[in-house]
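Observations on the model geometry
One-letter residues, chain by chain:
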Amino acid sequence: YLDQWVRNLDDIQLLKTVRFQRTVIPVNAANLNINLIVTSDASKSIAVAAVHARVLLTDGSYSCQLFTARSKLVKTSTIPKAELRGAVMAASLGHVVKYNLGPQYEGAIYCSDSTIALYWIVQDQRALETYVRNCVIEVRRFTDPSQWYHVASEDNIADLGTRTAEVSEIGLNTDWQTGRGWMKDKFEDM
């Protein structure tokens with residue numbers, strides 16, 4: 001365990017060097033409106049939600065910047081249930097950001113790589129077990145099912161929080177802070 005402890009202590013020291021850009025609206029923004037891209041992912045033991053702010057630039061492209069993120073330890077019997085728990089966390093976190101942005105909020109989309117969790121969120125005619133049903137009710141309390149989309153695991157930035165990652169993967173100008181490439185595309189091209 002000594003080697004692992006030494007690596008952990010080295011990583012903790014490296015975390016002091018991680019910097020975040022404080023502003024999400026760049027100087028070349030076309031307006032002050034902010035769209036949100038909220039992603040969620042989970043493993044058997046942890047769920048992660050990340051909110052990225054998208055701003056239209058004067059040249060017609062988009063800027064994307066990490067707004068906030070959250071993780072939570074989960075204890076469920078299956079990964080799809082953990083993914084659903086991550087979706088609940090994403091819906092709640094997205095709602096808090098929407099509320100705090102006030103008139104600057106323009107809209108939001110929610111993304112998950114779990115087809116099962118997305119099916120549960122969208123499907124309303126099939127009877128669901130109590131835990132799943134309560135999670136779906138909570139997601140629908142803060143979002144509309146039409147706001148939810150599937151994203152491939154390799155394109156889901158929230159996946160970074162569910163696996164072992166290096167400190168270099170979360171610094172300035174990384175995908176964690178500036179979003180994946182598709183997050184900067186026009187909505188039709190996503």
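Residues numbered from 1 in each chain as written. Predicted model: local features only at pLDDT ≥ 70, side-chain atom pairs only at ≥ 80, totals over all residues. Heavy atoms only, no water.

Here's the deal with the nonpolar core
Where we set the bar: As used in this record, nonpolar core signifies buried Ala, Val, Leu, Ile, Met, Phe, Trp, Tyr and Cys residues forming a set joined through side-chain atoms within 4.5 Å. Only protein chains enter the accessibility calculation, which uses a 1.4 Å probe. A residue is then buried if its area is under 20% of the maximum for its type, exposed if over 50%, and partly exposed in between. Note on conventions: DSSP H or I runs of at least 4 residues are helices, E runs of at least 2 residues are strands, and numbering of each starts at the N terminus.
Counting 35 residues, the largest nonpolar core has Ile34, Leu36, Leu84, Val139 and Trp148 as its most contacted members. Secondary structure elements with two or more residues in this core: strand E1 (34–42), strand E2 (46–56), helix H2 (79–101), strand E4 (105–112), helix H3 (115–122) and helix H4 (130–142). Ranked by the residues each element gives to this core, the list is headed by H2, at 10 residues. Counting 12 residues, the second largest nonpolar core, distinct from the first, contains Leu66, Ile109, Trp176 and Trp182.

Topic: the pairing of E4
Our working rule: Think of it this way: DSSP has to see at least two bridges between two strands before they count as a pair.
By the criterion of burial, E4 is predominantly enclosed, with 6 of the 8 residues buried. Pairing between E1 and E4: 7 bridges, direction parallel. When the sheet's bridge partners are listed, Val38 is paired in E4 with Tyr110. Across 3 bridges, the pairing between E4 and strand E5 (residues 148–150) is parallel. In the strand pairing of E5, Cys111 is matched with Tyr149.

Side note on H4
How we decide: In this analysis, the expected span of each helix is defined as 1.5 Å times one less than the number of residues it contains. This arc is taken over the directions from the axis of the helix to the C-beta atoms.
Given a rise of 1.5 Å per residue, 13 residues ought to cover 18 Å, and the 19 Å separating the end C-alpha atoms of H4 matches this to within 8%. Among all positions of H4, only Val132, Cys135, Val136, Val139 and Phe142 are buried. Along the long axis of H4, the arc covered by the buried residues comes to 135°, so they all point the same way. Structural note: H4 exposes Thr130 and Arg141 on the side pointing more than 90 degrees away from its buried face.

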